[in-house]
Amino acid sequence: MRHVVGLGEGRGGAGGGGASFSGFLSPAKVEHSTLGESPAMKRARVAATGPKAEFFDDAGLDDGDVALAGKVGSLNGELLAEFESLLAFYASKKTEPWRERQYRKIVAVLKNLPFRITCLEDLNRPQCAVLNGGHTRTRVEEFLRRGKIQLAQNLQNDPRTVAISMLMNFGVQGGKGKYGSYVGTSTAEKWYDSGITTLPQLQHRIESDPTFLTHNQRVMWDFRSDFSQRVPRREVELIADVIAGVFPSSSVVEVMGSYSRGAPDCGDIDLLVTCHGDVGRRCSEAVEALTKAQFITATLRDSHHAPGAHSGQWMGGCRLASLVPARPGFADYTLHRRLDIKVYPPKFRAFAQLYFGSGQEFNRAIRLFATRQGYTLSDQGLRRATRGKNEKGEYGTLWEGPLLEDPSGCNWTTEASIFEFLGLPFIPLEDRDNGIGVARLEAMARAQATKPAAEEDCFIVPTDPRSVVAAANLQRLAPLPSLAEGWRSNGIVALDCEFVGVGRNTSGIGGERNALARASVVSYSGDVLLDTFVKVEEPVTDFRIHVTGLTQANLDQGISFQEARDHVIRLLEGRVVVGHSLAHDFKVLNYHPPAVLLRDTSSCPHLRPGDKGKSLKALSEQHLGVKIQDGTHCSVEDARAALYLYRSVQDLWDPTPPVLGTSAKAEALDKHLTEAAENMAAPVATGHNEPLAQHFDRLAARSHHYAKDHYVRVSRTLRSLPYHLQSPKDLLRPELRCVGRGKAHADIVRMLHEGVNEVNKGA
DNA sequence: GGGCGGTACTG
DNA sequence: CAGTACC
DNA sequence: GCCC
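Residues numbered from 1 in each chain as written. Chains lettered and ligands numbered in written order. Predicted model: local features only at pLDDT ≥ 70, side-chain atom pairs only at ≥ 80, totals over all residues. Heavy atoms only, no water.

Trainee: Honestly, the overall build of chain A in this entry has me stumped. Any pointers?
Mentor: Within chain A, the regular secondary structure consists of 34 helices and 18 strands. Within chain A, buried positions represent 50% of all 763 residues. Pairs at least 24 residues apart make up 66% of the contacts formed inside chain A by residues separated by at least 6 positions. (Helix = DSSP H or I, 4+ residues; strand = E, 2+ residues; numbered from the N terminus. Buried < 20%, exposed > 50% of the residue type's maximum accessible area, 1.4 Å probe, protein only. Contact = heavy atoms within 4.5 Å.)

What follows is the structure, given as structure tokens:
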């Protein structure tokens, strides 16, 4: 049930005009969103019940665990204390933020774990995943054996750590979470190194030097006592009503954060305001009115946005009792409270709800998930995006598309639509701050991860760059032979596409997703119907140049994906399509002809694979006696090879309709095969940058796993590059993006300067 | 080897 | 730009 | 720190 608290209700019988501060606007409505859910959310939640139940089974939760869920804190108290010491140590120095984050996750898990860890096997339960890595598992083992972790014992009384933690928290002993004092590790270290090590020293320094603290630090220092107190639900509601009073009546004010998850009290008040018009201006107007009324007692962050900004936001302190002359009922609410207000236009409401209603780790996890799928997700919508190293070597967003529309046409009105779009089950609010939601997202990510393809499985075949260039000169779209020639010449076509890698580039074949880079369609006679390069809108992270021969320049002269797809579909529609591993092509083309029209040479019962497997290369050699992918080669030749394979067994494989004519003459086939063999006989030009490539071959030989993959990728790329690398500036070319910015990059730079031999001598 | 969230303020 | 904050 |  949705509970809407109108403002009149909130005010009680104050009669007449209420407070002067709200005079210029009629009040917005407050939605206590947690107390209800939209029908769509409910649908999504119900729909998610199946997978969720399954997850819980996997998680190994039993009834006892569930019963304990309410009072878990102390179940692993001693172990928790050990890891808190480790966390405090790494949190006090800014050198290893990732290690710190990992410890933060470990501590969060131990705080919420509904059972006590008594043996190493407990770590295999899914909730303990963060405790079950290489390092942490050893620490837990030590704890189980000796009742303590030596490193933690050594660190927990480290005076520097203790002092820096104190400085970062202004000495506030808040048992929960961290106090947003605006003093981070850098400032605290600086203070510590300048001799401030105790609270009295800090206090003295602050009082004697009015410029010692920044504005925000001063606010948090002044209110440190009040702000560390919890806010009861009732007070949260009253504050929300006050805020609603200064927004237009068409606005919606929602209380987010822990209140929305039903907590009896909150650390601060998070309000999400949705309103039409200029959100920045609405926010400023509201803040102005509240300041004039003295309800706002401090400001930490204020967006005086340019008109048309995405969102308005304000952070600071407030106090109900400050309204007392006008609102006598507030007299008892004397404490100052931390208040965050964010104002969004309606189109961002669902994204803002997702952000504001979830915990930090959940937000990070779902945004990471979106990134892996080729999107970027924020509180301001969803876009296609690619992350990677830019040309300056900084890691970041390489490319970002426009805001995406909700495919259901509903303009992203619900959080459920976002989950659905990403292919995720709806994860309810209560699981977005307890580790369960994060674990589910990680499980989904693992299930969705693209498995690195073996070279043979890859539909990309070795290609000589020069043949690609030559093919580009072919007529892009030749006319179809007339229908009078019968179905064999116009009812059957062969397709082959080439792909480059986009997205992350850290494992397996380069790039985590495929993007169409070249599309070729040939007729039954082997004539080129379509052969074109295709622009890739995302930045290419790996050209797989040793396979595709493609460079950025090739793609730049291509046509758009839409255009290419339209051409391909026009040529394929209603015809039998021959190809090798067609599923790959159709997946990227997002086009799925009926299976009865497909003839895939990789799964033909009459083309038995021999010793060398069932790659196009192997089948061509075995059944056609033609060596392909050994010399000059391009996707036109691949399409032809598949086509001729099909034709060589056509009467066996495809004896029934849609057969309309007679079998092709053997001479015709021979002629084509001969021509194809001739075309394919030209030598491949390799050996560019050979010394550099060999350096990485050596590195690959003595590396393992992911490092090895990386070096192999670099080596192949260097060797297949159609130009010589001469200066480090050449490394900025898109084809060399897959080199990265780490050791491989550094080695190449050094070799260009000092020569390959010198570098190898050093190694 | 290399990534690990996205946004936006202050100073 | 670095530092810090919000979830 | 963990994970791909």
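Picking up after the structure, the text goes on.
Trainee: Hey, could you run me through the pairing of strand S11 (residues 381-389) in this one?
Mentor: Inspection of the sheet shows strand S10 (residues 375-378) paired to S11 by 4 bridges, in the antiparallel sense. Looking at S11, one finds that Ser378 is bridged to Gly381. With 6 bridges connecting them, S11 and strand S12 (residues 395-403) associate as antiparallel partners. Along S12, the bridge assignment pairs Gly388 with Gly396. (Pairing = 2+ DSSP bridges.)

Trainee: Even after reading the chapter, I still don't get the nonpolar core, so can you show me in this structure?
Mentor: One broad trend across soluble globular proteins is that nonpolar side chains are buried collectively. In terms of nonpolar packing, the biggest core is built from 37 residues, with Ile239, Ile243, Phe247, Leu271, Phe295, Leu339 and Val343 touching the most fellow members. Of all elements in the fold, only helix H14 (233-244), strand S4 (252-255), strand S6 (269-274), helix H16 (279-292), strand S8 (312-318) and strand S9 (337-344) reach the threshold of two or more residues within this core. By size, the runner-up hydrophobic cluster in this structure holds 31 residues, among which are Phe533, Phe543, Leu725 and Leu731. (Core = buried A, V, L, I, M, F, W, Y, C linked by side-chain atoms within 4.5 Å.)

Trainee: Sorry if this is basic, but what is going on with the protein's contact with DNA strand B here?
Mentor: Taken together, 32 residues surround DNA strand B, and among them Gln360, Arg367, Lys389, Tyr711 and Gly742 come closest. For DNA strand B, the fraction of atoms within 4 Å of the protein that belong to sugar or phosphate moieties is 65%. His215 has a polar backbone atom sitting 3.2 Å from a phosphate oxygen of DNA strand B. For DNA strand B, a base nitrogen lies 3.5 Å from a polar atom in the side chain of Arg301. Contributions of two or more residues to the surface near DNA strand B are made by helix H6 (97-112), strand S7 (296-302), helix H18 (360-372), S10, S11 and helix H32 (705-720). Residue contributions to the surface near DNA strand B peak at 6 residues, all from H18. Grouping the amino acids of the surface near DNA strand B by side-chain chemistry returns 9 nonpolar, 14 polar and 9 charged. (Near = heavy atom within 4 Å. Polar contact = N/O pair within 3.5 Å; in protein donor to acceptor, adjacent residues only side chain to side chain. Nonpolar A, V, L, I, M, F, W, Y, C, P; charged D, E, K, R; others polar.)

Trainee: Explanation requested: the protein's contact with DNA strand D in the structure shown.
Mentor: In the vicinity of DNA strand D, the residues found are Tyr90, Trp98, Arg99, Gln102, Tyr103, Gly133, Gly134, His135, Thr136, Arg446, Arg504 and Tyr706. Here, DNA strand D places atoms within 4 Å of the protein, and 56% of those atoms are sugar or phosphate. In this structure, His135 approaches DNA strand D through a side-chain N or O atom, which is 2.8 Å from a phosphate oxygen. The set of elements that each furnish at least two residues to the surface near DNA strand D consists of H6 and helix H7 (134-146). Of the residues forming the surface near DNA strand D, the biggest block, 4 residues, is contributed by H6. When grouped by side-chain class, the residues that make up the surface near DNA strand D number 4 nonpolar, 5 polar and 3 charged.

Trainee: Can you walk me through the pattern of salt bridges in this structure?
Mentor: When their charged atoms lie close together, side chains carrying opposite charge are able to pair. Overall, the coordinates contain 26 salt bridges when judged by the stated rule. Where Arg719 meets Asp697, a salt bridge forms, and the shortest distance between an N and an O atom there is 2.8 Å. Highlighted residues: Arg719 in helix H32 and Asp697 in helix H31 (residues 690-701), separated in sequence by 22 residues. Relative accessible area serves as the criterion here: at 22%, Arg719 is assigned to the partly exposed category. On the basis of relative accessible area, Asp697 is assigned to the partly exposed category, the value being 32%. For the salt bridge of Asp747 with Arg750, the shortest nitrogen-to-oxygen distance reads 3.4 Å. Of this pair, Asp747 and Arg750 are both found in helix H33 (residues 743-754), 3 residues apart, which corresponds to roughly one turn of the helix. Given a relative accessible area of 34%, Arg750 falls into the partly exposed group. The network of salt bridges with common partners includes Lys94, Arg160, Glu189 and Asp193. (Salt bridge = Lys/Arg side-chain N within 4 Å of Asp/Glu carboxyl O.)

Trainee: I'm lost on the sheet that holds S11 in this one. Help?
Mentor: Paired through their backbone hydrogen bonds, the strands of a sheet run either parallel or antiparallel. Strand order in the open sheet formed by 3 strands is S10-S11-S12, with antiparallel pairing between adjacent strands. Pairing within the sheet leaves two strands with one partner each, and these edge strands are S10 and S12. Between one strand axis and the next, the sheet turns by 40° as a mean value, whatever way the strands run. Here helix H19 (residues 415-422) sits on the sheet and contacts S10 and S11; the angle it forms with S10, its principal contact strand, is near 160°. (Axes fitted to C-alpha atoms, helices over the stretch in contact; angles between N-to-C directions.)

Trainee: Before we go on, may I ask you to explain the packing of H18 against helix H20 (residues 436-448) in this structure?
Mentor: To characterise two packed helices, one gives the angle between the axes of the helices and the distance between these axes. Between H18 and H20, whose axes approach to 9 Å, the crossing angle comes to 15°. The angle between the axes of H18 and H20 places the two elements in the roughly parallel class. Along this stretch, H18 crosses H20, giving a crossing that reads as left-handed. Residue-level inspection shows Glu361, Phe362, Ala365, Ile366 and Phe369 of H18 in contact with H20, the latter providing Gly437, Val438, Leu441, Met444, Ala445 and Gln448. Residue composition of the contact of H18 with H20, grouped by class: 8 nonpolar, 2 polar and 1 charged. (Parallel < 35°, antiparallel > 145°, perpendicular 65-115°, else oblique. Left-handed = near helix turned anticlockwise from the far one by under 90°.)

Trainee: What exactly am I supposed to notice about the environment of Leu589 here?
Mentor: Tracing the chain through its elements places Leu589 in helix H26 (residues 582-589). The exposure class assigned to Leu589 is buried, which follows from its relative accessible area of 0%. Here the alpha-carbon distance between Leu589 and Ile569, two residues 20 residues apart in the chain, equals 9.1 Å. When residues no more than four places from it in sequence are discounted, the contact partners of Leu589 are Leu495, Cys497, Leu516, Phe561, Arg565 and Val568.

Trainee: Just checking my understanding: could you explain the pairing of strand S15 (residues 528-533) for this structure?
Mentor: Regular strands have side chains that alternate between both faces of the sheet. Burial analysis of S15 places 6 of its 6 residues in the buried class, the great majority of the element. Where strand S14 (residues 513-523) folds back onto S15 in an antiparallel hairpin, the turn is made up of 4 residues, including Gly526, whose phi is positive at roughly 95°.

Trainee: How should unusual backbone geometry be read in this particular structure?
Mentor: Backbone geometry follows two general trends: most residues other than glycine have a negative phi, and most peptide bonds adopt the trans configuration. Phi at Ser581 is positive, roughly 55°, even though this residue is not glycine. Examined against the element boundaries, Ser581 turns out to sit in the loop between strand S17 (576-579) and H26. Its relative accessible area of 17% is what places Ser581 among the buried residues. At Asn590, a residue that is not glycine, the phi angle is positive and equals roughly 55°. Relative to the helices and strands, Asn590 is located in the loop between H26 and strand S18 (598-600).

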